[in-house]
Amino acid sequence: MGNTEESRQEQAAEEEKKKWTVPRGPAATKAKNEYTRKHYDRAEMILPKGAKAKIEAAAKKQGMSRNEYILAAVKEAYQRDTGEGLLDGN
């Protein structure tokens, strides 16, 4: 039994080593916000009541975030409507 417990402890220690340390604090937040502003556009959506929950449920079913799900739908519609890809390389 001792080997099993020892093995579990060793495995837990190995898993702990694999974890990334995520920078925290005001400087890290500022850096993340600057990166986001530089590399992404933001677009707000106003949806009818209940639509957000339905989109989130459908996205979850597909293993996607709400944002990924909406972006995939927009890319598909854009491709269909224009014959072009929305984003280069995607």
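Relevant structure appears above.
Residues numbered from 1 in each chain as written. Predicted model: local features only at pLDDT ≥ 70, side-chain atom pairs only at ≥ 80, totals over all residues. Heavy atoms only, no water.

J.: Which parts of the structure should I look at to understand a nonpolar patch on the surface?
T.: A cluster of nonpolar residues, Leu71, Val74, Tyr78, Leu86 and Leu87, forms a patch on the protein surface that exposes about 360 Å² of accessible area. Relative to the helices and strands, leucine 86 is located in the segment after helix H4 (66-82). (Patch = residues over 30% accessible without salt bridge, like charges linked within 9 Å, V, L, I, M, F, W, Y side chains within 5 Å. Areas by Shrake-Rupley, 256 points an atom, 1.4 Å probe, with all protein chains shown as cover. Salt bridge = Lys/Arg side-chain N within 4 Å of Asp/Glu carboxyl O. Helix = DSSP H or I, 4+ residues; strand = E, 2+ residues; numbered from the N terminus.)

J.: I'm lost on the environment of serine 65 in this one. Help?
T.: As for its placement among the helices and strands, serine 65 is situated in the loop between helix H3 (51-61) and H4. Along the sequence, serine 65 and arginine 37 sit 28 residues apart, while their C-alpha atoms lie 20 Å from each other.

J.: Can you walk me through the pattern of salt bridges in this structure?
T.: Oppositely charged side chains are able to pair whenever their charged atoms sit close together. All chains considered together, the criterion is met by three salt bridges. Of the charged contacts in the structure, one is a salt bridge between glutamate 56 and arginine 66, with a shortest N-O distance of 2.4 Å. Highlighted residues: glutamate 56 in helix H3 and arginine 66 in helix H4, separated in sequence by ten residues. Residue class for arginine 66 comes out partly exposed when judged on its relative accessible area of 37%. (Buried < 20%, exposed > 50% of the residue type's maximum accessible area, 1.4 Å probe, protein only.)

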